[in-house]
Amino acid sequence: MADKKIDPIRPTDDDARALARSLIAEARFAALAVTDPETGAPMVTRIALVPGLDGLPLSLISTLSSHTQALAASSACSLLIGEPGPKGDPLTHPRLTLQARAEAADKTALKAHYLSLYPKAQLYYDFGDFQLTKFMPTSALLNGGFGKAFKLVPGDIVA
């Protein structure tokens, strides 16, 4: 008799949706993965992050950075949101891998909102080389802790 594989992905429920949304709402930084247009290799960097008024992630990033140049070549990217807690195994803490498309957001209209959540950005928010970027989800993987894996669609992430 052949071994039957067990699917580790649970059916997405309201608790998983709420956890994914709370990870975005509480995040103030994330790891951003892009594809280097020169080499085709993956490239990861840490970015500041806040939830937008619609709950989608926003980041203020410099157009001089290599990751912004990569996003200009291809808007496809991924964010890792969620950090280990101060105790225990880091792999038992919730995290969200958000696959997304990056697009420009209205920097002027969202200034007060962004700075209310990330006040340190006041120092450079108005610099000409900084743009506000919104991450539009295409899919996501939520690891809610040991044995709690879920696949999410964009509608699961936006209330």
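Coordinates for the structure precede this section.
Residues numbered from 1 in each chain as written. Predicted model: local features only at pLDDT ≥ 70, side-chain atom pairs only at ≥ 80, totals over all residues. Heavy atoms only, no water.

## Side note on the nonpolar core
Counting 27 residues, the largest nonpolar core has Leu-79, Ile-81, Leu-96 and Phe-135 as the members making the most contacts within it. Only α1 (14–26), β2 (29–35), α2 (66–73), β6 (76–81), β7 (95–104), β8 (130–143) and β9 (149–152) provide two or more residues apiece to this core. With sequence-adjacent residues up to four places away left out, Phe-135 is seen in contact with Leu-32, Ile-47, Leu-49, Leu-56, Pro-57, Ser-59, Cys-77, Leu-79, Ala-100, Arg-101 and Ala-102. Formed by twelve residues, the second largest nonpolar core is a distinct cluster that contains Val-50, Leu-58, Ala-121 and Tyr-125. (Core = buried A, V, L, I, M, F, W, Y, C linked by side-chain atoms within 4.5 Å. Buried < 20%, exposed > 50% of the residue type's maximum accessible area, 1.4 Å probe, protein only. Helix = DSSP H or I, 4+ residues; strand = E, 2+ residues; numbered from the N terminus. Contact = heavy atoms within 4.5 Å.)

## Describing α1
Between its first and last C-alpha, α1 extends 18 Å over 13 residues, near the 18 Å set by a 1.5 Å rise per residue. Taken residue by residue, α1 has Ala-16, Ala-20, Leu-23 and Ile-24 as its buried positions. What you see down the axis of α1 is that its buried residues fit within an arc of 95°, all on one side. Pointing more than 90 degrees away from the buried face of α1 are the exposed residues Asp-14, Asp-15 and Glu-26. Two or three places before Asp-15, at the opening of α1, Asp-13 has a side-chain oxygen 3.3 Å from that residue's backbone nitrogen. (Expected span 1.5 Å × (residues − 1). Arc of directions from axis to C-beta. Polar contact = N/O pair within 3.5 Å; in protein donor to acceptor, adjacent residues only side chain to side chain.)

## Describing the packing of aromatic side chains
Counting across every chain of the model gives four aromatic pairs. Arranged with centres 5.7 Å apart and planes meeting at 45°, the rings of Tyr-114 and Tyr-125 form a pair that is tilted. With Tyr-114 in helix α3 (residues 111–117) and Tyr-125 in the loop between α3 and β8, the pair connects residues that are eleven residues apart, well separated along the chain. Feature note: the residues Tyr-114, Tyr-118 and Tyr-125 constitute an aromatic cluster, connected by ring pairs. The cationic tip of Lys-107 hangs over the ring face of Tyr-125; the distance from NZ or CZ to the ring centre is 5.6 Å. (Phe/Tyr/Trp six-rings, centres within 6.5 Å; stacked < 30°, edge-to-face > 60°. Lys NZ or Arg CZ within 6 Å of the ring centre and 35° of its normal.)

## Considering the environment of Leu-71
On the secondary structure map, Leu-71 appears in helix α2. For Leu-71, a relative accessible area of 9% translates into the label buried. Taking the C-alpha atoms as reference, Leu-71 lies 8.0 Å from Thr-35; in sequence the two are 36 residues apart. Each residue touching Leu-71, except ones within four places of it in the same chain, is listed here: Leu-32, Val-34, Ile-61, Ala-76, Cys-77 and Ala-102.

## As for the pairing of β7
Bridge analysis of β6 against β7 gives six bridges, and the strand direction is antiparallel. Following the sheet pairing, Ala-76 is matched in β7 by Arg-101. Taken together, the ten bridges between β7 and β8 define a ladder with antiparallel strand orientation. Looking across to β8, one finds that Gln-99 is bridged to Ser-139. (Pairing = 2+ DSSP bridges.)

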